[in-house]
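Read off the chains here:
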Amino acid sequence: MTSRLPPLLLVACILSSSSAAGQSLNSTVGVLSPVLVKTYGSVPLLAFKQVSMACLIALYHVNTRDPQIVGQAVVDRLPQGFRIDVKFKDSQFDAAEALKEVLAWRESSSIDAIVGPMTSDGSQVVSLVSALQGTPVTSFGASSTLLSDKQTYPLFSRTNPLIMLNAMALIGVCLRFKWKQIAVLCEDTTYGNGFLSNVQEQASSKGVDLVQVQKFVPEGSKSIAAAMSSLQKSRAKIFLYLGIGVPNLELVLTYSNKEGLLQDGHAWVAGEIGVPSAVVASMQHKQLAALLKGWIQIRVAPLYGKKRDLLETAFRTVDQSKVNNSIIGMKPAEYSMPLPDYASFAYDAAWATALGLAKTNGTGAALAHAIRNSSFPGASGLVSFDASGDREPNGIVVTIENIQPSSANASVIESVVIGTWEAAQAFADVSGLTPLWPGGRSGWNPPSDGSGQGRDKLLTIVLAVSGGFLVLLLAISAAFYRLYKASLRNRTAEETDLSNMMSRVREALGVTVSAGYILPSEKSSSIFSCYRRSRVIVMDKRSVEAVAKLALGDDFAKNDFERFYDFVKYRADVVAGRSFGMIADEESMKAETDALDLEAQQGGEEMTEMMQRLHSLILMVCLRILSPSSSRSEEEGSDMLSVGWKARMLQSRESLGDVLMAETTHSLYEDEAFTQYLSGDFERAYEYFTGRVLRLNAWRDNPQLLPRLKKHIQRLMDKLARINDRRYESMMKEAGGAELKEVGQGFVDALFYQDDHQVRAIRVEEEDRKESSLHKKLETWRRLSTGSLMLREDVFISQLHSRAVLLNDSFHSKLVDVLKAHAAECEVERPAGRAAGQGAKGVRIACHFDDGVHPIEFVPAAVKKKPRMAEKVMEYAAAEEEDAGWPYSRRVLDPVRASVICNRPSHMAQVYRWLTSQGKTGMRVCRVKNKLSLEEAPDGYRDIMVCLLFEGEGGLNIIGEVQIHDRKIYECKVKMHKLYRIKRAESIQSIMGHSA
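Now for a look at the structure at hand. (Residues numbered from 1 in each chain as written. Predicted model: local features only at pLDDT ≥ 70, side-chain atom pairs only at ≥ 80, totals over all residues. Heavy atoms only, no water.)

### Brief notes about the overall build of the chain
Here comes step 1: Broken down by element type, the chain carries 37 helices and 28 strands.
Here comes step 2: The contacts in the chain between residues at least 6 apart in sequence include a share of 71% that link residues at least 24 apart.
Here comes step 3: Summed over all atoms, the accessible surface of the chain reaches about 42800 Å², with 50% contributed by carbon and sulfur. (Helix = DSSP H or I, 4+ residues; strand = E, 2+ residues; numbered from the N terminus. Contact = heavy atoms within 4.5 Å. Areas by Shrake-Rupley, 256 points an atom, 1.4 Å probe, with all protein chains shown as cover.)

### Some details on the nonpolar core
Here comes step 1: Formed by 94 residues in total, the largest nonpolar core has its most connected members in Trp-179, Tyr-347 and Trp-351.
Here comes step 2: Residues from two domains meet in this core; each of domain 1 (26-161 + 307-383) and domain 2 (163-304 + 396-429) gives at least three.
Here comes step 3: With sequence-adjacent residues up to four places away left out, Tyr-347 is seen in contact with Ala-54, Ile-57, Ala-58, His-61, Ile-69, Val-70, Leu-311 and Ala-379.
Here comes step 4: Val-743, Ile-797, Leu-819 and Cys-847 belong to the second largest nonpolar core, which has 63 residues in total. (Core = buried A, V, L, I, M, F, W, Y, C linked by side-chain atoms within 4.5 Å. Buried < 20%, exposed > 50% of the residue type's maximum accessible area, 1.4 Å probe, protein only. Domains from an automatic or database assignment.)

### A word on the side chain of Ser-282
Here comes step 1: Turning to its location among the elements, Ser-282 is positioned in helix 10 (residues 276-282).
Here comes step 2: You can call Ser-282 buried: its relative accessible area is 8%.

### Observations concerning the environment of Leu-56
Here comes step 1: With respect to the secondary-structure elements, Leu-56 resides in helix 2 (residues 46-64).
Here comes step 2: When sequence neighbours within four positions are dropped, the list of residues in contact with Leu-56 reads Val-31, Val-86, Phe-88, Val-323, Asn-325 and Ile-328.

### Let's talk about helix 2
Here comes step 1: When the terminal C-alpha atoms of helix 2 are compared, their 26 Å separation across 19 residues agrees well with the 27 Å that a helix rising 1.5 Å per residue should span.
Here comes step 2: Buried residues dominate helix 2, accounting for 17 of its 19 residues.
Here comes step 3: Looking one or two residues beyond helix 2, the residue adopting positive phi is Arg-65, at roughly 55°. (Expected span 1.5 Å × (residues − 1).)

### What to know about helix 19 (residues 541-552)
Here comes step 1: Counted at 1.5 Å a residue, the expected span for helix 19 with its twelve residues is 16 Å, and the 16 Å between its end C-alpha atoms agrees.
Here comes step 2: Helix 19 sits mainly inside the fold: nine of its twelve residues count as buried.
Here comes step 3: Within two residues after helix 19, Gly-553 carries a phi angle of roughly 80°, on the positive side.

### Focus: the side chain of Thr-399
Here comes step 1: For Thr-399, the position within the fold is in strand 15 (residues 397-405).
Here comes step 2: In terms of polar contacts, Thr-399 uses its side chain to reach the side chain of Glu-401, at 2.9 Å.
Here comes step 3: Beyond its immediate stretch of four places on either side in the chain, Thr-399 contacts Gln-297, Ile-298, Arg-299, Ala-301, Val-417 and Gly-419. (Polar contact = N/O pair within 3.5 Å; in protein donor to acceptor, adjacent residues only side chain to side chain.)

### Examining the packing of aromatic side chains
The relative placement of two aromatic rings is captured by the distance of their centres and the angle of their planes.
Here comes step 1: By the definition in use, this model includes 18 aromatic pairs.
Here comes step 2: With 5.8 Å between their ring centres and 75° between their planes, Tyr-191 and Phe-195 make a pair best called edge-to-face. With Tyr-191 and Phe-195 both in helix 7 (residues 190-206), this residue pair falls four residues apart, about one helical turn. For the residue pair Tyr-191 and Phe-195, the accessibility class agrees, reading buried in each case.
Here comes step 3: The rings of Phe-216, Phe-239, Tyr-241, Trp-268 and Trp-295 are connected pair by pair, giving a single aromatic cluster.
Here comes step 4: The residue whose ring lies beneath Arg-891 is Tyr-876, and the NZ or CZ to ring-centre distance is 4.8 Å.
Here comes step 5: Over the ring of Tyr-728 we find Arg-942; its NZ or CZ atom is 3.9 Å from the centre of that ring. (Phe/Tyr/Trp six-rings, centres within 6.5 Å; stacked < 30°, edge-to-face > 60°. Lys NZ or Arg CZ within 6 Å of the ring centre and 35° of its normal.)

### Points about the packing of helix 32 (residues 794-820) against helix 34 (residues 905-915)
Here comes step 1: Running from amino to carboxyl end, helix 32 crosses helix 34 at an angle of 120°, the nearest separation of the two axes being 10 Å. Crossing geometry of helix 32 relative to helix 34 is assigned as right-handed. Side by side, helix 32 and helix 34 meet where Leu-815, Val-818 and Leu-819 of the first sit next to Val-911, Trp-914 and Leu-915 of the second.
Here comes step 2: Of the residues in the contact of helix 32 with helix 34, the class split is six nonpolar, no polar and no charged. (Axes fitted to C-alpha atoms, helices over the stretch in contact; angles between N-to-C directions. Left-handed = near helix turned anticlockwise from the far one by under 90°. Nonpolar A, V, L, I, M, F, W, Y, C, P; charged D, E, K, R; others polar.)

### Let's talk about unusual backbone geometry
Here comes step 1: Residue Pro-117 follows Gly-116 across a cis peptide bond; omega there is -10°.
Here comes step 2: Backbone geometry at Arg-65 places phi at a positive 55°, although glycine is not the residue there.
Here comes step 3: Looking at where Arg-65 falls in the secondary structure, it is placed in the loop between helix 2 and helix 3 (72-75).
Here comes step 4: Arg-65 sits in the partly exposed class, given a relative accessible area of 24%.
Here comes step 5: Residues other than glycine seldom take positive phi values, yet Lys-178 does so here, at roughly 60°.

Here it is, written out as structure tokens:
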């Protein structure tokens, strides 16, 4: 299907083709899309015909200036007289065929840009060849991450999401159904191998074991049959299918059914199949469709469902005589058939290419840049690209679909959405729906993944061929082995993880059987007899489990942990070389406390090391919780840290004890880890930190524990500062960066304050001034550490806070109206979930910028609280040598506030101009503070703060603040905010007080 060409053959093809003529004055687009499937008898598939036709309809809409999908604002961007000539070639879903057609184009005609191919294999070879002539390529189906490498593929872009999104969703489904052991069937192509690589990465980070991976040659019946036979022998129950194309699916269904892998007790999850009706329509053997019942597939859903409806309407109503192509051969009835997902991406790829051509006369990198900057509302939602030409995943939803019999006709299959998945929200069930499984069983109790089954029979084989004493010994060992494995099968995955971590913790702390420490269950075991001592100590099992649960990031009982902590603190028998009898009760332990206290004081390095290791374990858990890529997983619930953290702890080959003593943390500060961290759920991790870990007595007993933690937090902050600085340097090189540095020049101080007559959010009467003079005379002012005097300003703070509460909502509404004046037609409202006002709602708006339509996000904040206002007032007072600034609360200019988050520096500059245009907003600028003009900034954080005089209802006024942010720096700020609290904390109680 997607065979690769050897490098030498590729070079030979390139060298054999003559140089093409220069760029034509007329813009010509080559559409390279599949219709036939070369390796499947050259049969035309309906889904491919529809995808190809979507490209042609889009270019027809460009030429006829039809706004029914993209809107009139986008159509107005096309210059008068601008027209696209179309050259169509059938890629036949084959990389070699796609390369042949591109080389033919180079010989016969000049192509300004290429739309397609659909596959990753085809896109790789086409992009390499087209780059030699400076021809950009925009695919609508290639999802391999290899194509993001701009050194190799500098002119490649795509309107479909990357395959990483699908991989994350697949593993999300596995976690939802508690599958930890799965097998993978993958096509051996660039697409399949890229998909597999992402699945392996996600599975490893989430603790999912890929017990077997089988690859097959596309449309190769022998290859697929052999793969299915191997999967059957593996005894796996859960299968991921990473393949595309109906021909492959038919062969997979045939041979999986033959091997009994579609019976009850099995489950199949596909990366992508397509609309069932379209799949069945393209099948040669339609009776195989019944075997799809019970399958689950993940499908990238169009961002705006109405737009997809518009595309289907466009198909039904288009003038078929104007757009039909003899190669595609669409029949009249086929224009009304349901469309496959990729049709919307194909339509958008054609429009993106046309908008890029309309924007520039350049070729090569200039044209590719113009295409990537042609953001617009398309058939699949708001289309925008990142710097690599990859589709930005702005709110992309993945639907989890279960293939079931149609409610209207049981002989027909349909997809039923049983859940949705998003990167930020993980798996969400759809209420009222029940999944169907292969074999006909239904319900939310899925097939088991077979964990613990299929154990090897090596011992049995050896027993059969051995004799004498060896046979007897092996028989005893085999019996013990079976007994042990039988007990394991009765354990849950959580119990197994806990048992493994208990072993590691005991080894790290030196409380192993060989050191004379046992659990009650080990008293009479054969393992314990191997380490028989005259005197031993029996530890409380629940207390050891509590320490292991802490190491795993699980919920644990504080009393149980403290019992183990006291055990380590008071029972350091190894220090002085003494040994004690079996002591498992509290009274016996308490009776020897005095003697053991003396030993702990005298006790040398070993006791110090044991307690230090326990303290270091607590510190390491804190660092893992608070550091990158260790946030909690939505699938795991509210009381468990991410599986990735647990997997690293359980599978690490390093000695846990060595890690504790060395406090190895260098891996926590890698850039990649920070990138993962920014997408994590830090709030839940912080709740675990403050609600569980900080309440341990170790923080009280060891005053050095908090400074050690703060030292590592500072390292995280330093790393964050460097990352923000690099982002700032990058911004200054981007369009609009230089303009941002000049913003706000001339604003040395505020033009107005809250007590000015134009504002009167604070009312200072003559009697107030008389009182302040008398206080000063009587020396009843508060004297600050700086020597400055300060009169309590509770009354003025209350006035300002009351005014802020009254005008907060209308201030936010006014700002939204200002932004809406520049909005395109696409707009969604959603909970902000990241601002200071957690209960507020943020608004995402697609706005018209100089470089096209791009999204911004408006995030309102809660009213500034009185205690925080009081803190700011003290800061202002401390900075004044005289009391001329009184009342200092007048200088609090952000009692009402909001943020506008932008993706590019040029967008920030335009938003600043929108907000400061008094003639259009009706709000006067009082102050501008531009941190982007600073070469150095604390922790690298920079933004633009604009204070505006807002005139509210009833003649009530207030000065509020709007912060204009770069998205990447803003995300860092929000996620790391609580780490600042730890860094500044003087005590554990101050951290917990902030949390409360």
